[in-house]
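Secondary and tertiary structure notes
Residues per chain, in single letters:
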Amino acid sequence: MAPVTGPVASEAEPVAESAAPVAVRPRRRVLRTVGLIAVAAVIGLVGGTAVGYGIQAEREPTALPALNQPGLAYPAKPLPEGEKAKPLPASEDLRTKAEGDLRKLLLPKPAGAKKSEFADADGWMPVSAFASQFNRPGNALDDQLEIGIRRIAVASWATGEYKETEIRLVQYRAGDVLGAQEFVEEQQAYMPEEDFAESEGTELKGSANGRYYVFPVRKKAGYLDMYEARAYFYRGDIAVEIFVIDTRKISAKDIRSLAERQLGRL
């Protein structure tokens, strides 16, 4: 198994509340979803319950399914006596790929694309820099450490005159909380709001959880129009977020293609 590479989040990593926002990058915020658990007490009639038990007692017992599930075994077919199953190749073993150099799972820069002015030099984004892009960096950092953030690999490039693309793979530690899922669901939760996509987005095929969004154009006197598209999905312990910004219209096909190709590398 390949050694883990990249900056790893620590419990004591500091972040300045007054950090200046990074130009061009979209502003971020975290909305914590509070789940309400409703407990319903269902009381049945004593007579009906007794009849039910009586009928069940007269029936033949139903055999329980086997505890083992041979259909889920690897390999699927029994091997000859004395032969051992070969391990999955690294290309098919998601665990092995995720434990290696996370940057290798990022989509490569397209041919002809330029290095983004805001690109991270080595392809790694410090957790403190990641948190600084939220509206409340201190709270964001606390939240991320709580759900087990581990490291962030990032690729970004520029095409055309003003178009910027950035892809982030945000990996979380294994634990009681499914950090990648929680992060993605939090981001998706505020996409329908007025300051963002103003829609539920479109389901990303091949992913049970992913969605992509095309934002309404932002107009401001004295400035060029701004178009934006995003995608959010996760696979295993890796959350993926994709940002595209341009002064020209971004098609749904463009952001969908990016998301599908990045999903295919995980």
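Residues numbered from 1 in each chain as written. Predicted model: local features only at pLDDT ≥ 70, side-chain atom pairs only at ≥ 80, totals over all residues. Heavy atoms only, no water.

**So, the overall build of the protein**
Looking only at helices and strands, the protein features 6 helices and 7 strands. What you see in the protein, going N to C, is helices and strands ordered as α-α-β-α-α-β-β-α-β-β-β-β-α. Among the 266 residues that make up the protein, the fraction classed as buried is 37%. By sequence separation, contacts in the protein at least 24 residues apart represent 63% of the contacts at least 6 residues apart. (Helix = DSSP H or I, 4+ residues; strand = E, 2+ residues; numbered from the N terminus. Buried < 20%, exposed > 50% of the residue type's maximum accessible area, 1.4 Å probe, protein only. Contact = heavy atoms within 4.5 Å.)

**As for unusual backbone geometry**
Despite not being glycine, E198 has its phi angle at roughly 60°, a positive value. The topology assignment puts E198 in the loop between α5 (179-189) and β4 (202-203). Judged by its relative accessible area of 41%, E198 falls in the partly exposed class.

**Quick word on the pattern of salt bridges**
Counted by the stated rule, this structure contains 7 salt bridges. Note that R103 and D101 form a salt bridge whose closest N and O atoms lie 3.0 Å from each other. Given a relative accessible area of 32%, R103 falls into the partly exposed group. A salt bridge links E166 to R168; the shortest N-O distance between them is 2.6 Å. Note on accessibility: E166 and R168 belong to one class, buried. Residues joined in a network through salt bridges with shared partners are E166, R168 and E241. (Salt bridge = Lys/Arg side-chain N within 4 Å of Asp/Glu carboxyl O.)

**Focus on the confidence of the model for the protein**
Parts of the prediction with low pLDDT should not have their coordinates interpreted in detail. Across the protein, pLDDT averages 79, with 65% of residues at or above 70. In this model, residues 29-53 is a region of pLDDT below 50 whose contacts with residues beyond four sequence positions or in other chains number 19 contacts. (pLDDT = per-residue confidence, 0-100.)

**Focus: the pairing of strand β2 (residues 149-159)**
Most of β2 is tucked away: 10 of the 11 residues are buried. Sheet analysis places strand β1 (residues 114-115) next to β2, joined by 2 bridges and oriented antiparallel. By the bridge assignment, K115 is partnered in β2 with W157. Looking at chain direction, β2 and strand β3 (residues 163-172) are connected through 10 bridges and run antiparallel. If you follow A155 over to β3, its bridge partner there is I167. Taking the residues between adjacent antiparallel strands as the criterion, β2 and β3 are bridged by 3 residues, where G160 takes a positive phi near 70°. (Pairing = 2+ DSSP bridges.)

**Quick look at the packing of aromatic side chains**
Taken as a whole and judged by the stated rule, the model has 5 aromatic pairs. Taken together, a centroid distance of 6.5 Å and an interplanar angle of 65° make the contact between Y213 and Y232 edge-to-face. Placement of the pair is Y213 in strand β5 (residues 211-214) and Y232 in strand β6 (residues 227-235), with a sequence separation of 19 residues. Taken together through their ring pairs, the aromatic side chains of F130, F134, Y172 and F183 make up a single cluster. (Phe/Tyr/Trp six-rings, centres within 6.5 Å; stacked < 30°, edge-to-face > 60°.)

**Some remarks on the nonpolar core**
The tendency in soluble globular proteins is for nonpolar side chains to be buried as a group. Residues F130, I149, Y172, F183 and M191 are the most contacted members of the largest nonpolar core, which totals 28 residues. With 27 residues, the next largest nonpolar core counts L105, L107, W124 and W157 among its residues. (Core = buried A, V, L, I, M, F, W, Y, C linked by side-chain atoms within 4.5 Å.)

**A few points about the side chain of R168**
As for its position among the elements, R168 is in strand β3. Residue R168 is classed as buried on the basis of its relative accessible area of 1%. Within the structure, R168 has its side chain in polar contact with the side chain of E166 (distance 2.6 Å). (Polar contact = N/O pair within 3.5 Å; in protein donor to acceptor, adjacent residues only side chain to side chain.)

**Points about α5**
If you check which residues of α5 are buried, you get G179, A180, F183, V184, E186, Q187 and Q188. Where α5 is buried, its residues meet α3 (127-131), α4 (137-146), β3, β5, β6 and β7 (238-246).

**Examining the pairing of β5**
Where β4 meets β5, 2 bridges bridge the pair, whose relative direction is antiparallel. Bridging across to β5, T202 finds its partner in Y212. With 4 bridges connecting them, β5 and β6 associate as antiparallel partners. Residue R211 lies in a different strand from β6, and its bridge partner there is Y232.

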